[in-house]
Amino acid sequence: MVVLRLPSVSALFLPAAVYRRYPEIRWRCQRHVRRFSGVSAQSTAEKEASPETEPVRVAARKDRDEERRVTPLSQDFNAWYNDVIADAELADYGPVRGTMVIRPYGYAIWEAIQDYLNVKIKETGHSNMYFPQFIPYSFIEKEASHVEGFSPELAVVTIGGGKELEEKLVVRPTSETIVNHMFTQWIHSYRDLSLMINQWANVTRWEMRTKPFVRTLEFLWQEGHTAYATPEEAEKEALQMIDVYTKFAYDQAAIPVITGRKSEVETFAGADRTYTIEAMMGDRKALQAGTSHNLGQNFSRAFGTQFTDENGQRQHVWQTSWAISTRFVGGIIMTHGDDAGLMLPPKIAPIQVIIIPIWRNADEQAGVLNAASSVAEVLKSASIKVQLDDSDQRTPGWKFNFWEMKGVPLRIEIGPRDVSSGSVVISRRDVPRKQGKVFGISMEPSILVAYVKDKLDEIQSSLLERAKSFRDSNIVDVSSYGELKEAISMRKWARGLWSASDAEELKVKEETGATLRCFPFEQSPGMKTCLMTGNPAEEVAIFAKSY
């Protein structure tokens, strides 16, 4: 038995049994207690019913499961977020406070992220491997800024096998230290370089304030580690990987991140430079969605990771590390969701199309289900992720609400008249009411597949453009500290020229709650004036409150 001696922390989540007994309570961290006595927004799908299925949907409204109501996003963002995670079956409570169990639907989103990044990581020359999660405490102490940065978050093992350990072990908070220990054994000559590896693993950081997916005691991630003979190679690698993350955010997750360099205050502990992708969430807070670090020679000097160069001289290697975690799942939820629940970009949606068969009696059931099954097979054969909800335990209206809340991009409805006409009704998750519903789409395979693929592409593009518009309309250009404070008080991002000191950057954080998110890569040339000091400044910085 291994005993963890860990810092005490106040209760963050109530036990799962409490929530099962009292369904009006959601995540413990939300302050808002939901009320089920109010009337929730009616499903768009039910409001815009076809003439044939209207009686069915009217009955469904009467039979609606009250537990499926989601707190409106505009009313309470945190309560909405926690409701979506619970009701869309993304995650549940872990038995240890601050931990979560990622449920199959939530894990499928993470798998979509893995599938894309794993290909890109290998395409750029990296190999997957795995390092132990237990790290000697002495390793953490070797790099001074690293131990200082991570010390408050460490989970430490002091007893193993019923005995006090000779040396404390740290449960992996990140792997730079143990990676360098192994690199020192593997790297001897310039012929051993470049060394480029990645691992998919879990990480433990003892967070005091947790939020599902965004900040938990344990999370999943990929972390890449590389070693080179020259600083130029390391810098090229750090920039290459932040570019991979940027393209993933735009092309797959439909999140228009701002890519840039962190300030010295916000740079990763032990790095020379940190590059980041910053995303604006639906409540206008910033989310650091991925980072890439140029570690210079900081860790190689601390661990003695050296190689003999072509001239026979001993040199320390130059290194990078970079990571994206399950935090990105939270970013997807908070970027694209609406009052009805989750809204997923098709490229990472576990289910791209949900088929809802509708019948009123046993005579209609067989024909409708046969047609629905045929449509499902047609779409599946075209590599479209489709699911047929043919259960008879819930009404069609309940199913519309449920799958809408789970963010499935397209819904296909098939009733008896649709079977007779050889057509289906298709509704888009991202377009409400009549605008998103189309009747009479032919079941003929080539027509149906082409239509569905076209609509999925449209939804992917639409979500990105919507998020861009939201981001751009909530960034304010400022030229003075007063304007910065006003922008932050309005829950906006502030963008302005900056060359002030670390102390002045910390003053902004103390007085406004905002941090310097990054110096964006996209900059306007020319020397201008720092918003804080009036001194010359070359770079624009972005400030925002963040998760």
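Heads up: the structure comes first, above all this text.
Residues numbered from 1 in each chain as written. Predicted model: local features only at pLDDT ≥ 70, side-chain atom pairs only at ≥ 80, totals over all residues. Heavy atoms only, no water.

Looking at the packing of aromatic side chains
So the rule is basically this: Classification of ring pairs uses Phe, Tyr and Trp, with its six-membered ring standing for Trp, and accepts pairs whose centres are within 6.5 Å; under 30 degrees between planes counts as stacked, over 60 as edge-to-face, and the remaining range as tilted. A run of H or I in DSSP becomes a helix once it reaches four residues, and a run of E becomes a strand once it reaches two; helices and strands are each numbered from the N terminus. Relative accessible area decides the class of each residue, using a 1.4 Å probe on protein chains only: under 20% of the type maximum gives buried, over 50% gives exposed, and in between gives partly exposed. Geometrically, a charge over a ring is one whose NZ (Lys) or CZ (Arg) sits within 6 Å of the ring centre while staying within 35 degrees of the ring normal.
As enumerated under the stated definition, the model contains 12 aromatic pairs in all. Aromatic pair Tyr 116 and Phe 248: ring centres 5.5 Å apart, planes at 40 degrees, arrangement tilted. Of the two residues, Tyr 116 is situated in helix H5 (residues 104-123) and Phe 248 in helix H9 (residues 231-251); the sequence distance between them amounts to 132 residues. Here Tyr 116 and Phe 248 have matching classes, each one buried. Of the aromatic side chains, those joined through ring pairs into one cluster are Tyr 116, Phe 248 and Phe 328. Residue placement shows Lys 406 over the ring face of Tyr 105; its charged tip is 3.9 Å from the ring centre. Arg 411 extends its terminal NZ or CZ atom over the ring of Phe 400, reaching a point 4.4 Å from the ring centre.

Considerations on the pairing of strand E18 (residues 410-414)
The cut-off we apply is this: A pair of strands counts as paired when DSSP detects no fewer than two bridges linking them.
Counting buried positions along E18 gives 5 out of 5 residues, so the element sits mostly inside the fold. Burial along E18 is two-sided: the residues Leu 410, Ile 412 and Ile 414 and Arg 411 and Glu 413 are all buried. Bridging between strand E16 (residues 353-357) and E18 involves 5 bridges; their strand directions are parallel. Bridged to Ile 354 within E18 is Arg 411. In this sheet, strand E19 (residues 423-428) lies alongside E18 in antiparallel orientation, the contact comprising 4 bridges. Note on E19: the bridge partner recorded for Ile 412 is Ile 426.

Here we look at the nonpolar core
Put simply, the rule reads: By convention a nonpolar core is built from buried Ala, Val, Leu, Ile, Met, Phe, Trp, Tyr and Cys residues, the set being connected through side-chain atoms within 4.5 Å.
Ranked by internal contacts, the top residues of the largest apolar core, which has 59 residues, are Leu 90, Ile 113, Leu 117, Phe 213, Phe 328, Ile 332 and Ile 333. With 8 residues, the top contributor of residues to this core is H5. By size, the runner-up hydrophobic cluster in this structure holds 28 residues, among which are Val 353, Val 386, Met 443 and Tyr 451.

Things to note about the environment of Asp 92
With respect to the element layout, Asp 92 can be found in strand E2 (residues 91-93). Using a relative accessible area of 28% as the deciding quantity, one classes Asp 92 as partly exposed. C-alpha of Asp 92 to C-alpha of Pro 212: the two residues are 120 residues apart in sequence and 8.9 Å apart in space.

Considering the sheet that holds strand E17 (residues 386-388)
In a beta sheet, neighbouring strands are held together by backbone hydrogen bonds and run either parallel or antiparallel to one another. Just so we agree on the cut-off: The convention used is that axes are lines fitted to C-alpha atoms, helices contributing only their stretch in contact, and that angles between N-to-C directions extend from 0 to 180 degrees. Contacts were defined at the residue level, with two residues in contact if any of their heavy atoms lie within 4.5 Å.
The strand order E17-E16-E18-E19-E20 describes an open sheet built from 5 strands, whose pairing is mixed. Of all the strands in the sheet, just E17 and strand E20 (437-442) have a single pairing partner and so form its edges. For this sheet the average axis-to-axis angle between neighbouring strands, irrespective of direction, equals 25 degrees. With 4 bridges connecting them, E19 and E20 associate as antiparallel partners. Paired with Ser 427 across the strands is Lys 437, a residue of E20. Together, E16, E18, E19 and E20 form the strand contacts of helix H15 (residues 445-473), whose direction differs from that of E19 by roughly 5 degrees.

Focus on the packing of helix H12 (residues 362-381) against H15
Convention followed: Note on convention: near helix rotated counterclockwise from far helix by under a right angle means a left-handed crossing. Clockwise means right-handed. Note on residue categories: nonpolar means Ala, Val, Leu, Ile, Met, Phe, Trp, Tyr, Cys or Pro, charged means Asp, Glu, Lys or Arg, and polar means any other residue, Gly included.
One can describe the packing of H12 onto H15 by two numbers: an axis separation of 10 Å at closest approach and a directional angle of 65 degrees. The interaxial crossing formed by H12 with H15 has right-handed handedness. Here H12 contributes Val 375, Val 378 and Leu 379 to the contact with H15, which in turn contributes Pro 445, Leu 448, Val 449 and Val 452. Residues of the contact of H12 with H15, tallied by class, amount to 7 nonpolar, no polar and no charged.

Re the side chain of Asn 198
Among the secondary structure elements, Asn 198 is positioned in strand E8 (residues 195-204). Setting aside anything within four residues of it in sequence, one finds Asn 198 in contact with Ile 121, Ser 127, Asn 128, Met 129, Gln 222, Glu 223, Gly 224 and Trp 322.

Focus on the pairing of strand E6 (residues 155-160)
Most of E6 sits inside the fold, with 5 of its 6 residues counted as buried. Of the pairings in the sheet, the one linking E6 to strand E7 (residues 163-171) comprises 5 bridges and is antiparallel in character. Its bridge partner being in E7, Val 156 is matched across the sheet by Val 170. What sits between E6 and E7 in their antiparallel hairpin is a turn of 2 residues, with Gly 161 showing a positive phi close to 65 degrees.

Focus: the layout of surface pockets
Inclusion rule: Residues are said to line a cavity or pocket when one of their atoms sits within 4 Å of a point; the points come from a 1 Å grid over protein atoms alone, cavities being sets where a 1.4 Å probe fits but cannot get out and pockets being open sets with protein on both sides within 12 Å along at least five of seven lines. Grid points are joined across faces, edges and corners, and a volume is the space filled by probe spheres set on the points.
Size it by volume and the largest pocket reaches roughly 1200 Å³. Around the largest pocket sit 44 residues that line it, and Glu 153, Arg 205, Arg 215, Glu 266 and Gln 288 are the ones nearest its centre. When residues of the lining of the largest pocket are traced back to their parent elements, those giving at least two are helix H7 (144-150), strand E9 (218-228), strand E12 (286-296), strand E15 (318-325), helix H11 (327-336) and strand E23 (515-520). Here the lining of the largest pocket is built from residues that sort into 14 nonpolar, 17 polar and 13 charged.

As for helix H4 (residues 77-87)
What counts is decided by this rule: By the criterion applied in these results, polar contacts are pairs of N or O atoms within 3.5 Å in which, for protein atoms, one can donate a hydrogen and the other can accept it, and in which residues neighboring in sequence qualify only through two side-chain atoms.
In terms of burial, H4 is a largely internal element, 10 of the 11 residues being buried. Among all positions in H4, only Phe 77, Ala 79, Trp 80, Tyr 81, Asn 82, Asp 83, Val 84, Ile 85, Ala 86 and Asp 87 are buried. The secondary structure elements touched by the buried residues of H4 are E2, H11 and helix H13 (396-405). By the N-cap criterion, in which a side-chain oxygen at the helix start approaches the backbone nitrogen of a residue two or three places on, H4 is capped by Asp 76, the distance to Asn 78 being 3.3 Å. Looking one or two residues beyond H4, the residue adopting positive phi is Glu 89, at roughly 60 degrees.

As for the sheet that holds E15
Pairing is mixed across the open sheet formed by 11 strands, whose spatial order is E4-E8-E9-E15-E12-E11-E10-E23-E26-E22-E21. What marks the edges here is a single partner per strand, and that holds for strand E4 (127-128) and strand E21 (475-477). Judged from the 8 bridges that link them, E9 and E15 form a sheet pairing that is antiparallel. Bridge pairing in E15 places Gln 222 opposite Ile 324. Running over the sheet, H5 touches E4, E8, E9 and E15 and is turned about 165 degrees from E8.

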